[in-house]
Amino acid sequence: MNVDIAPSWKNVLNDEFEKPYFKELAEFIKQEYSSNTCFPPGKLIFSAFDHSTFDKTKVVIIGQDPYHGFNQANGLCFSVKNSIPFPPSLVNIFKEIKNDLGKPIPQSGDLSRWADQGVLLLNATLTVRAHQAGSHQGKGWEQFTDEVIRTLSDEKEGLVFLLWGGFAKKKTKLIDAKKHHILTSGHPSPLSANRGYWFGNKHFSQTNAILENQGQKSINW
């Protein structure tokens, strides 16, 4: 696997790419992509880092696994390629934005427009085998993305971390709450949202208020 990642990230993560676990992960991914259909496309595996460079990142949203259906995953958590129907969690994200900020539901589920503003849309596992959810978990990606979160916490200040659902909330231990802002809620999936754990969290307006209070530009959600 060729680690084609934005230079600003390469500078802070370079040691990680040389560790034995990452070399084993790279070999596993190389074999998986050569013998199975996997997502996202190889050139998009590190897309989240390319859109939201280390220097520009000011908000972090943590997902778990890429979408495993054809033409869905584009390397950004919760995001889908243009013209692809919105998965249920993304539908509920857009509903909350509409309720929170009064913005209409967009036509595209491609969230690169957020990422380009400094929102790191980070899945804990960056790849998956087609139609096999979780198939690349436990292979080293989680160790890598935990280090990404830890590095952001150590090296930056005033970031807003949006942790949705039990899995994402476990990442709290990697974040220095004295330096950063952590907003938590239920997951936007229908199972959680329909039980009242998602809607009304107002994370999008809260994030913008935090950024503006820090003298930063708000996110155009």
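Coordinates for the structure precede this section.
Please read all numbers here as calculations on a predicted model, not as lab measurements. (Residues numbered from 1 in each chain as written. Predicted model: local features only at pLDDT ≥ 70, side-chain atom pairs only at ≥ 80, totals over all residues. Heavy atoms only, no water.)

Remarks on the environment of L174
Right, so step 1: You can see L174 is positioned in the loop between helix 7 (165-169) and strand 6 (181-185).
Right, so step 2: Measuring from C-alpha to C-alpha, the distance between L174 and D146 comes to 7.3 Å, with 28 residues separating the pair along the chain.
Right, so step 3: Look past the residues within four positions of L174 in its chain and what remains in contact with it is D146, I149, R150 and S153. (Helix = DSSP H or I, 4+ residues; strand = E, 2+ residues; numbered from the N terminus. Contact = heavy atoms within 4.5 Å.)

Comments concerning the sheet that holds strand 2 (residues 59-63)
Right, so step 1: Taken in spatial order, the four strands make up an open sheet running 3-2-5-6, and their pairing is parallel. Bordering the open sheet on either side are strand 3 (119-123) and strand 6, each of which pairs with just one other strand. The sheet shows a mean angle of 20° between the axes of neighbouring strands, taken without regard to direction.
Right, so step 2: The sheet strands contacting helix 6 (residues 141-155) are strand 2, strand 3 and strand 5 (160-164), and the helix crosses strand 3 at an angle near 150°. (Pairing = 2+ DSSP bridges. Axes fitted to C-alpha atoms, helices over the stretch in contact; angles between N-to-C directions.)

Focus on the side chain of T125
Right, so step 1: Along the chain, the position of T125 falls in the loop between strand 3 and strand 4 (128-129).
Right, so step 2: At 3.4 Å, the side chain of T125 and the side chain of E142 are in polar contact.
Right, so step 3: In this structure, T125 is in contact with Q64, D65, P66, H136, Q137, W141 and E142, ignoring residues within four places of it in sequence. (Polar contact = N/O pair within 3.5 Å; in protein donor to acceptor, adjacent residues only side chain to side chain.)

Focus on the pattern of salt bridges
Right, so step 1: Within this structure, the stated rule accounts for five salt bridges.
Right, so step 2: Linking K23 and E18 is a salt bridge whose minimum nitrogen-to-oxygen distance equals 3.7 Å.
Right, so step 3: Residue classification places K23 among the partly exposed residues on the basis of a relative accessible area of 48%. (Salt bridge = Lys/Arg side-chain N within 4 Å of Asp/Glu carboxyl O. Buried < 20%, exposed > 50% of the residue type's maximum accessible area, 1.4 Å probe, protein only.)

Digging into the packing of helix 2 (residues 20-35) against helix 6
Right, so step 1: Look at helix 2 against helix 6: their axes get within 9 Å of each other, and the N-to-C directions meet at 125°. By the angle between their directions, the pair helix 2 and helix 6 is classed as oblique. The interaxial crossing formed by helix 2 with helix 6 has left-handed handedness. Of helix 6, the residues touching helix 2 (which contributes Y21, F22, L25 and I29) are W141, Q143 and F144.
Right, so step 2: Split into classes, the residues belonging to the contact of helix 2 with helix 6 amount to six nonpolar, one polar and no charged. (Parallel < 35°, antiparallel > 145°, perpendicular 65-115°, else oblique. Left-handed = near helix turned anticlockwise from the far one by under 90°. Nonpolar A, V, L, I, M, F, W, Y, C, P; charged D, E, K, R; others polar.)

Some remarks on the pairing of strand 5
Right, so step 1: Among the five residues that make up strand 5, five are buried, leaving the element largely enclosed by the rest of the structure.
Right, so step 2: Side chains of strand 5 alternate between two faces, with V160, L162 and W164 and F161 and L163 buried alike.
Right, so step 3: Where strand 5 and strand 6 come together, five bridges link them in parallel fashion. Directly across from L162, in strand 6, lies its bridge partner L183.

Quick word on the layout of surface pockets
Right, so step 1: What the largest pocket holds in volume is close to 410 Å³.
Right, so step 2: Looking at the largest pocket, it is lined by 25 residues, and the ones nearest its centre are Q64, D65, Y67, N123 and H187.
Right, so step 3: Broken down by secondary-structure element, the contributors of at least two residues to the lining of the largest pocket are strand 2 and helix 7.
Right, so step 4: With three residues, helix 7 is the single largest residue contributor to the lining of the largest pocket.
Right, so step 5: Of the residues that constitute the lining of the largest pocket, the class distribution is 14 nonpolar, ten polar and one charged. (1 Å grid on protein atoms, 1.4 Å probe; cavity = no way out; pocket = protein on both sides within 12 Å on 5 of 7 lines; lining within 4 Å. Points joined across faces, edges and corners; volume = space filled by probe spheres on them.)

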